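Listed below, chain by chain, are the residues.
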Amino acid sequence: QVRLVESGGGLVQAGGSLRLSCGASGHTFSSYVMGWFRQAPGKEREFVACIVRSGITTYYADSVKGRFTISRDNTKNTVYLQMNSLKPEDTAVYYCAATGGSYYYSSNKDAYDFWGQGTQVTVSS
């Protein structure tokens with residue numbers, strides 16, 4: 001069992017930056033692939049980024065590639081999402097997720113076993 005708690009959301013102007021953090025409980029954080037997803041009102045939850053267990057490889061949705069960076073610190077049981085050049089269309093609730101399955105990585109939300117409660121990101125134009 002993994003408990004995930006996100007922080008760092010807020011209101012920012014277009015072009016600004018935010019850094020989301022997700023702290024995980026437990027002693028096996030490094031055994032989980034970690035992902036960030038987001039859900040805007042009236043829309044499906046969508047993949048944003050994920051990072052493999054070692055942190056060496058990362059994957060991004062096309063919509064955020066070049067603007068967002070996912071990273072992890074396995075010594076602190078924390079995964080981060082640095083978001084730069086934010087756009088109004090990035091407005092959503094952002095969720096941290098973990099999967100302990102056999103995946104090397106996954107952009108499929110159904111592959112993830114554990115989810116945080118979400119943090120709101122609002123980008124004004």
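Placed above this text is the structure.
**Q** Looking at this structure, how should I read the side chain of Ser-21?
**A** Within the secondary structure, Ser-21 is located in strand S3 (residues 18–24). The class of Ser-21 is buried, set by a relative accessible area of 18%. With near-sequence residues (within four places) excluded, Ser-21 lies in contact with Val-5, Glu-6, Ser-7, Trp-36, Thr-78, Val-79 and Tyr-80.

**Q** Honestly, the sheet that holds strand S7 (residues 68–73) in this entry has me stumped. Any pointers?
**A** Working definition: the strands of a sheet are paired by backbone hydrogen bonds and lie parallel or antiparallel to each other. A sheet is described by the order of its strands in space; here four strands give the open sequence S1-S3-S8-S7, paired in antiparallel fashion. Only two strands of the sheet have a single neighbouring strand rather than two, namely strand S1 (4–7) and S7. Here the average twist between neighbouring strands, direction ignored, is 15°. As defined by bridge partners, S7 adjoins strand S8 (residues 78–83) across six bridges and the pair is classed as antiparallel. When the sheet's bridge partners are listed, Ser-71 is paired in S8 with Tyr-80.

**Q** Can you walk me through the pairing of S3 in this structure?
**A** In terms of burial, S3 is a largely internal element, five of the seven residues being buried. Sheet analysis places S1 next to S3, joined by four bridges and oriented antiparallel. The residue bridging Ser-7 from the neighbouring strand is Ser-21, located in S3. Of the pairings in the sheet, the one linking S3 to S8 comprises six bridges and is antiparallel in character. Residue pairing for S8: Cys-22 is matched across the bridge by Val-79.

**Q** Just checking my understanding: could you explain the packing of aromatic side chains for this structure?
**A** Two descriptors summarise a pair of aromatic rings, namely the distance from one centre to the other and the angle between the planes of the rings. The full count for this structure, using the stated rule, is seven aromatic pairs. Each ring, one from Phe-37 and one from Tyr-112, has its centre 5.1 Å from the other, and the planes form 75°; the classification is edge-to-face. One end of the pair, Phe-37, is in strand S4 (residues 33–39); the other, Tyr-112, is in the loop between strand S9 (92–99) and strand S10 (114–115), and 75 residues separate them in sequence. Taking the relative accessible area as the measure of exposure, Phe-37 reaches 1% and is therefore buried. Ring pairs connect the aromatic residues Phe-37, Phe-47, Tyr-95, Tyr-112 and Trp-115, which therefore count as one cluster. The side chain of Arg-19 reaches across the aromatic face of Tyr-80, ending 4.0 Å from its centre.

**Q** What exactly am I supposed to notice about the environment of Arg-67 here?
**A** Checked against the element boundaries, Arg-67 lands in the loop between strand S6 (58–60) and S7. Its relative accessible area of 11% is what places Arg-67 among the buried residues. Considering only alpha carbons, one finds Arg-67 and Ser-85, 18 residues apart in sequence, at a separation of 6.1 Å. Discounting residues that sit within four places of it in the chain, Arg-67 has contacts with Gln-82, Met-83, Asn-84, Ser-85, Leu-86, Lys-87 and Asp-90.

**Q** Any chance you could explain the side chain of Asp-90 here in plain terms?
**A** Looking at the element boundaries, Asp-90 is found in the loop between S8 and S9. The buried category is assigned to Asp-90, whose relative accessible area is 1%. Excluding residues within four positions of it along the chain, Asp-90 makes contact with Arg-38, Arg-67, Phe-68, Ser-85, Val-121 and Val-123.

Thresholds applied
- Residues numbered from 1 in each chain as written.
- Predicted model: local features only at pLDDT ≥ 70, side-chain atom pairs only at ≥ 80, totals over all residues.
- Heavy atoms only, no water.
- Helix = DSSP H or I, 4+ residues; strand = E, 2+ residues; numbered from the N terminus.
- Buried < 20%, exposed > 50% of the residue type's maximum accessible area, 1.4 Å probe, protein only.
- Contact = heavy atoms within 4.5 Å.
- Pairing = 2+ DSSP bridges.
- Axes fitted to C-alpha atoms, helices over the stretch in contact; angles between N-to-C directions.
- Phe/Tyr/Trp six-rings, centres within 6.5 Å; stacked < 30°, edge-to-face > 60°.
- Lys NZ or Arg CZ within 6 Å of the ring centre and 35° of its normal.

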